[in-house]
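Examination of the molecular architecture
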Amino acid sequence: MSKKEKASPASVRKLKELLHIRDNRFCADCGAPDPKWASANIGVFICLKCCAVHRSLGTHISKVLSVSLDEWTEDEIESMLEVGGNSYANAIYEAFLPQGYSKPNPDSSHEERAKFIRSKYELQEFLKPSLRIVSSNSSSSSFRSCNPGKDSESGFDLDLSQAGMVEFIGILKAKVIKGTNLAIRDMLSSDPYVVLTLGKQVAQTTIIKSNLNPVWNEELKLAVPKKYGPLKLHVFDHDMLSKDDLMGEAEVDLQPMITAAMAFGDPDLLADMQIGKWLQSNDNALTKDSTINIVDGKVKQEVSLKLQNVESGEIELELEWIPLSQ
């Protein structure tokens, strides 16, 4: 099938699953709940009011589609899935948002929305001036650098220092593999999902119905600031009529992986090897020592966690570190 042809039902289903991830349940620009629209080439979900501003930018900057009413192509849905949703897109487009800057809220005027959205996407004021994110006329993913000498995977400049603003040093890919022996929160089972939090960024897996040993194999992406803390993991049971129940939590210390990666330099120049280890102890949630390895030119770490503050349950993750500069 040509990617310019109508998307298959399976692809449309993946798009709607992406929309239902927690950080995509709110407009990327103003935070209004339950967005029904998307910018296919930017990769964000937006509300109706912000949608009007996006349309005014022109399709060369933002191609707006209704998630449920418009006909999507395979290429457009692939672009949305590649970006990964609002939190990852905002980690790029708002990477250098000035401290204290007030984004629009759901009750903001059209003028306030227009000023912010144009600054964010058209003028790209919240990127370092040397960075440009190209919006392709073919509606492909917008995370591309238009200048040489940059990290081809992240699309960032090699120097990200900017006084008085948030500085990001890399991208963390966290693949949530599976859960084992999770706690029962319904009558006989649970409907679990995993939420990862790093600073103010939140990413969530899909919900798996009635399963205490769920297999997700879902990759979540988070931008890592220069002053980073632990990666926080929470498992919840989804409830239709009441607040979701906590099924345990854990923290991942990112310092061993990031420190080891920086010490060894460009992983593309290294053979497969172990470069570090996060040791299991009574002070962390590890079920066993977690080794940090170079695998096919990538820095990876397998993490097995015993969930805390709960009667039972373990979660397995695979982490990958992508620096914004080598």
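Keep in mind the model is a prediction, meaning the values are calculated, not measured.

1. Quick word on the layout of surface pockets
- Of the volumes computed, that of the second largest pocket is approximately 460 Å³.
- If you trace the second largest pocket, you find 18 residues lining it, with L18, I21, L81, E218 and E219 closest to the centre.
- Mapped by element, the contributors of at least two residues to the lining of the second largest pocket are α1 (9–19), α3 (74–83), α4 (86–93), β6 (201–204) and β7 (215–225).
- Considering each element in turn, the lining of the second largest pocket owes the most residues, 4 residues, to β7.
- The residue inventory of the lining of the second largest pocket, partitioned by class, reads 7 nonpolar, 4 polar and 7 charged.

2. Overview of the pattern of salt bridges
- By the definition in use, this model includes 10 salt bridges.
- With its nearest N and O atoms 2.6 Å apart, the salt bridge here joins E76 to K63. On the criterion of sequence distance, the pair formed by E76 in helix α3 and K63 in the loop between α2 (48–57) and β3 (64–66) is long-range, its members being 13 residues apart.
- Given a relative accessible area of 4%, E76 falls into the buried group.
- A residue is classified by how much of its surface remains accessible, and K63, at 27% relative accessible area, is partly exposed.
- Among the salt bridges present, the one from E94 reaches K103, with a minimum N-O distance of 2.9 Å.
- Given the relative accessible area of 30%, K103 is considered partly exposed.
- What emerges from the salt-bridge pattern is a single network uniting D29, E94, K103 and K120.

Conventions and cut-offs
- The residue count restarts for each chain, going from 1 along the sequence in the order it is written.
- In keeping with the model being predicted, local features are shown solely for residues with a pLDDT of at least 70 and side-chain atom pairs are shown and tallied solely at 80 or more, while totals for entire chains, interfaces and linings include all residues.
- As a rule here, side-chain values cover all heavy atoms of the structure and leave hydrogens and water aside.
- The way it works is a 1 Å grid over only the protein atoms, where trapped points that fit a 1.4 Å probe form a cavity and open points with protein on both sides within 12 Å along at least five of seven lines form a pocket, and then any residue with an atom within 4 Å of a point lines it.
- Grid points are joined across faces, edges and corners, and a volume is the space filled by probe spheres set on the points.
- Runs of H or I in DSSP of at least four residues are treated as helices and runs of E of at least two as strands, each being numbered from the N terminus.
- Three classes are used, and their members are as follows: Ala, Val, Leu, Ile, Met, Phe, Trp, Tyr, Cys and Pro are nonpolar, Asp, Glu, Lys and Arg are charged, and the others, Gly among them, are polar.
- Any carboxyl oxygen of Asp or Glu within 4 Å of a side-chain nitrogen of Lys or Arg constitutes a salt bridge here.
- Only protein chains enter the area calculation, which uses a 1.4 Å probe; residues under 20% of their type maximum are buried, those over 50% are exposed, and those in between are partly exposed.

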